[in-house]
Amino acid sequence: MPALLDKLLHFGVGLAVGIAFWWVLERYARNGASTINPICFLIMLIWGASGLFFFRKLGIPILSGTLFYMAFPDWDIPLYQWTGFRLLIHRSWLFHSALIPMAALGGWAWVMQRSRLAAWQKSLANVVRDGAIGLSVGISAHLIWDALLSSTRRGFYIRGFNGATSYLWLFVNLGMGIGIPLLIAWSMRSNRQPNHSES
Ligand SMILES: [Zn+2]
């Protein structure tokens, strides 16, 4: 498959999953939907699903570079070339998973636990949260398309895993990558209502 077509398909699946995710937010977690920054969500969604590949031909420094061009999960390819770490051989479990956005969300939750945050610290933490939510949904969409497309060829494999474990890894990470952002958005709703009735 030509690279551009593959990019466009990853992009399309990313948008579809992102729209479905946002639709669920609007329906079941309205406060979440109004709190999450949609631009931040959208950029990271696309980066996770297909990469910001449309900048490639524009020749803008950095933005047209490899790390923006590649979908985030496929960063294992250039990173392996640069570092030679065997852990990064494509498709590495570290990048083809929800682990990295989950770590960012964990960092966000930890920061928000601390009392006495300045307003700018809170807004920075929320940008991290919204970006991580977009990235998580984007990576999930990327995994869905990787798995569907590979199934029609030699099968879907995470490096070092057999077929069954690769699919198990896929489903666990889809559950986490979409479920945890939904839970976070949903908890924004349930946190607010008690505050509202108290005041
Ligand atoms: Zn991939």
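Residues numbered from 1 in each chain as written. Predicted model: local features only at pLDDT ≥ 70, side-chain atom pairs only at ≥ 80, totals over all residues.

### Overview of the overall build of the protein chain
Part 1 of the argument: Per the secondary structure count, the protein chain includes eight helices and zero strands.
Part 2 of the argument: Seen in sequence order, the protein chain has helices and strands lined up from the N terminus as α-α-α-α-α-α-α-α.
Part 3 of the argument: For the protein chain, the spread of C-alpha atoms along the three principal axes comes to 60 × 40 × 30 Å.
Part 4 of the argument: Within the protein chain, buried positions represent 35% of all 199 residues.
Part 5 of the argument: The long-range fraction of contacts in the protein chain, counting pairs at least 24 apart against all pairs at least 6 apart in sequence, stands at 70%. (Helix = DSSP H or I, 4+ residues; strand = E, 2+ residues; numbered from the N terminus. Buried ≥ 20, exposed ≤ 12 C-beta atoms within 10 Å, placed from the backbone. Contact = placed C-beta atoms within 7 Å.)

### Some remarks on the UniProt feature "transmembrane region" (unreviewed entry) in the protein chain
Part 1 of the argument: In the numbering adopted here, UniProt assigns the feature "transmembrane region" (unreviewed entry) to residues 7-24, 36-55, 93-112, 124-145 and 165-186.
Part 2 of the argument: In this annotation, residues 124-145 is assigned 100% helix and 0% strand; the end-to-end C-alpha distance for the span is 32 Å.
Part 3 of the argument: Across residues 165-186 one finds 100% helix and 0% strand; the C-alpha atoms that close the span lie 31 Å apart. (UniProt positions renumbered as here; feature names shortened; annotations may be inferred.)

### Side note on the packing of helix α1 (residues 3-28) against helix α7 (residues 119-151)
Part 1 of the argument: At a minimum axis distance of 8 Å, the contact between α1 and α7 shows a crossing angle of 130 degrees. Considered as vectors, α1 and α7 are oriented oblique to each other. Where α1 crosses over α7, the handedness of that crossing is right-handed. On α7, the residues that touch Leu9, His10, Val13, Gly14, Val17, Gly18 and Phe21 of α1 are Val137, Gly138, Ser140, Ala141, His142, Ile144 and Trp145.
Part 2 of the argument: Of the residues in the contact of α1 with α7, the class split is eight nonpolar, six polar and no charged. (Axes fitted to C-alpha atoms, helices over the stretch in contact; angles between N-to-C directions. Parallel < 35°, antiparallel > 145°, perpendicular 65-115°, else oblique. Left-handed = near helix turned anticlockwise from the far one by under 90°. Nonpolar A, V, L, I, M, F, W, Y, C, P; charged D, E, K, R; others polar.)

### Some thoughts on the packing of helix α3 (residues 38-49) against α7
Part 1 of the argument: Packing of α3 against α7 leaves a shortest axis separation of 7 Å and a crossing angle of 35 degrees. When the axes of α3 and α7 are compared, the crossing they make is right-handed. Listed contacts from α7 to Cys40, Phe41, Leu42, Ile43, Met44, Leu45, Ile46, Trp47, Gly48 and Ala49 of α3 are Val127, Asp130, Gly131, Ile133, Gly134, Leu135, Val137, Gly138, Ile139, Ala141 and His142.
Part 2 of the argument: Per-class residue counts for the contact of α3 with α7 are 15 nonpolar, five polar and one charged.

### Details of the confidence of the model for the protein chain
Part 1 of the argument: In the predicted model, the protein chain carries a mean pLDDT of 90, and 94% of its residues have values of at least 70.
Part 2 of the argument: Considering each helix and strand of the protein chain separately, the mean pLDDT is smallest for helix α8 (residues 163-198), with a value of 82, and largest for α3, with 96.
Part 3 of the argument: Note on residues 195-199: pLDDT under 50 across the span, and zero contacts to partners over four residues away in sequence or across chains. (pLDDT = per-residue confidence, 0-100.)

### Brief notes about α3
Part 1 of the argument: Here α3 contains twelve residues, and its C-alpha end-to-end distance of 16 Å stays within 8% of the 16 Å for a straight helix at 1.5 Å per residue.
Part 2 of the argument: Taken together, the buried positions of α3 are Phe41, Met44, Leu45, Ile46, Trp47, Gly48 and Ala49.
Part 3 of the argument: Those residues of α3 that are buried are in contact with α1 and α7. (Expected span 1.5 Å × (residues − 1).)

### With respect to the nonpolar core
Part 1 of the argument: Residues Ala49, Val137, Ala141 and Ile144 are the most contacted members of the largest nonpolar core, which totals 37 residues.
Part 2 of the argument: When contributions to this core are tallied by element, the ones reaching two or more residues are α1, α3, α6 (99-113), α7 and α8.
Part 3 of the argument: Among the elements that make up this core, the one with the highest residue count is α7 (ten residues). (Core = buried A, V, L, I, M, F, W, Y, C linked by C-beta atoms within 7 Å.)

### Observations regarding the environment of Ser64
Part 1 of the argument: Looking at the element boundaries, Ser64 is found in the loop between α3 and α4 (66-69).
Part 2 of the argument: By the C-beta count within 10 Å, which is 16 here, Ser64 ends up partly exposed.
Part 3 of the argument: When the C-alpha atoms of Ser64 and Leu25 are compared, they prove to be 32 Å apart, with 39 residues separating the residues in sequence.
Part 4 of the argument: Those residues within four positions of Ser64 in sequence are excluded, and the remaining contacts are Phe55, Arg56, Leu58 and Gly59.

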